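An overview of the molecular structure
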Amino acid sequence: MASKVFFCPLSSGSSDQERGEAGQKVLVALLDEPGIGLHKEIPLKVHFGEKGNHTYLKPAVYDKIIDLLEGRGSKTFFTETSVLYGGERFSAAKHEKLAHAHGFIRIPVVFADGENGEASTLVPVANGKHFKYAAIASGLAAAEQVLVISHFKGHMLAGFGGALKQLSMGFAAKGGKMAMHLSVKPQIKKRKCKVCKLCLSRCNADAILMENGKLVIDHEKCVGCGACFSICPQKAVSVFRFSGLKNLLFGRQIFREKLAEYAIAAHRNKQNIYLNFVASVAPGCDCEPRKMSPCVPDVGVFGSFDPVALDSACYDAVASRGKRFRGHEQLNYAEKIGIGSKDYLIVEI
């Protein structure tokens, strides 16, 4: 059966206010569906944009959505996770400073994976061939309902980024991001390790052992969550091996499948609501610290309870306007493992 996808069109070059009003209309339509209710506390999973990026969704876009949620009695806050690479979004403190600099000050900003991306919860992956467990940011793993707001755009490895990528890379703790990107088990560099045992205290799999006065990782037990990598103050935990880099450079299809497996872990047992803004559709990700020009005119705001149907509708809408992104494999695989359906029914508002 086709999944409903609500759609409110936007004119080309729409303003932040127009985008926010369209988003509010789509959210109202979703909440009017039978059997749907708002929880008392609803995190808004967003992206604050990297320093130097200009196409991310600006804070004014969220005002009407926040008005609606607060008007219906729900407490809300912005939530995000740290990134694997260096820069302004590597730690919670720096990331929060960037968020405030970009104007995200109306409601609190909460980082779901701790100060350094180390706070993770292992969530089972249903029907996965790459992972048995996903290292999801603890704050998001604990939430019963999340309003997942995504900016639909291109992405170097994923092909495109929408709800599925926001669910996977966006919900993952730093170790989960590492697992999706590199697929290698970490090793401890003995010359750098000060045996502070912080990594040992964070390992939920009991995979870090003392041998001859040094800490080592048992790869038979290691689940690749990356908590040790995230917490080490000496940067003594290494993940950069040739096999991992080879996968990073050449394993795009595998990477897209891994995104889908993390997405099903983040989606399971939740009453999530998904909004995709197909506006300022850039060829690259909001993580890229550079100016980019939109590759298609603004399309509109799409919303659904099915992230696969939602991304499929956005993908097709952009393709119909002349830009066919790579990465359709993530939709095929997401449907195969049971996140949702690529079949959708557009309900225009």
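Structural notes, computed from the coordinates. These numbers come from a predicted model, not from an experiment. (Residues numbered from 1 in each chain as written. Predicted model: local features only at pLDDT ≥ 70, side-chain atom pairs only at ≥ 80, totals over all residues. Heavy atoms only, no water.)

Scanning all chains against the criterion turns up 12 salt bridges. With a closest N to O distance of 3.3 Å, K4 and E33 form a salt bridge. Of this pair, K4 sits in strand 1 (residues 3–9) while E33 sits in the loop between helix 1 (16–31) and strand 2 (41–45), and the two are 29 residues apart along the sequence. Residue class for K4 comes out partly exposed when judged on its relative accessible area of 39%. One salt bridge in this structure joins K75 and E41, with 3.9 Å as the shortest N-O distance. Of this pair, K75 sits in strand 3 (residues 75–80) while E41 sits in strand 2, placing them 34 residues apart in sequence. Overall, K75 belongs to the exposed group, its relative accessible area being 53%. Judged by relative accessible area, which is 42%, E41 ranks as partly exposed. Among the charged side chains, a salt-bridge network with shared partners connects K45, E50, E80 and R89. (Salt bridge = Lys/Arg side-chain N within 4 Å of Asp/Glu carboxyl O. Helix = DSSP H or I, 4+ residues; strand = E, 2+ residues; numbered from the N terminus. Buried < 20%, exposed > 50% of the residue type's maximum accessible area, 1.4 Å probe, protein only.)

Among the secondary structure elements, E288 is positioned in the loop between strand 14 (273–278) and strand 15 (300–304). With 238 residues separating them in the primary sequence, E288 and E50 have C-alpha atoms 6.3 Å apart. Apart from the residues lying within four places of it in its own chain, the contact partners of E288 are E50 and N53. There is a polar contact of 2.6 Å between the side chain of E288 and the side chain of R290. (Contact = heavy atoms within 4.5 Å. Polar contact = N/O pair within 3.5 Å; in protein donor to acceptor, adjacent residues only side chain to side chain.)

This part covers the pairing of strand 1. Across the seven residues of strand 1, five count as buried, placing the element largely inside the fold. Across five bridges, strand 1 lies against strand 16 (residues 344–348) in parallel orientation. Directly across from F6, in strand 16, lies its bridge partner V347. Here strand 1 pairs with strand 15 via four bridges, running antiparallel. Bridge pairing in strand 15 places P9 opposite G300. (Pairing = 2+ DSSP bridges.)

Another aspect to go through is the sheet that holds strand 16. Overall, mixed pairing links the eight strands, which are arranged 4-3-2-7-14-15-1-16 in an open sheet. Edge strands, defined here as strands with exactly one partner in the open sheet, are strand 4 (109–111) and strand 16. This sheet shows a mean twist of 25 degrees between the axes of neighbouring strands, independent of strand direction. Here strand 14 pairs with strand 15 via five bridges, running antiparallel. When the bridges of strand 15 are listed, Y274 appears paired with S304. Packing of helix 3 (residues 92–101) onto the sheet brings it into contact with strand 3 and strand 4, and relative to strand 4 it is tilted by some 155 degrees. Contacts from helix 11 (residues 307–320) reach strand 1, strand 14, strand 15 and strand 16, with the element oriented near 10 degrees to strand 14. (Axes fitted to C-alpha atoms, helices over the stretch in contact; angles between N-to-C directions.)

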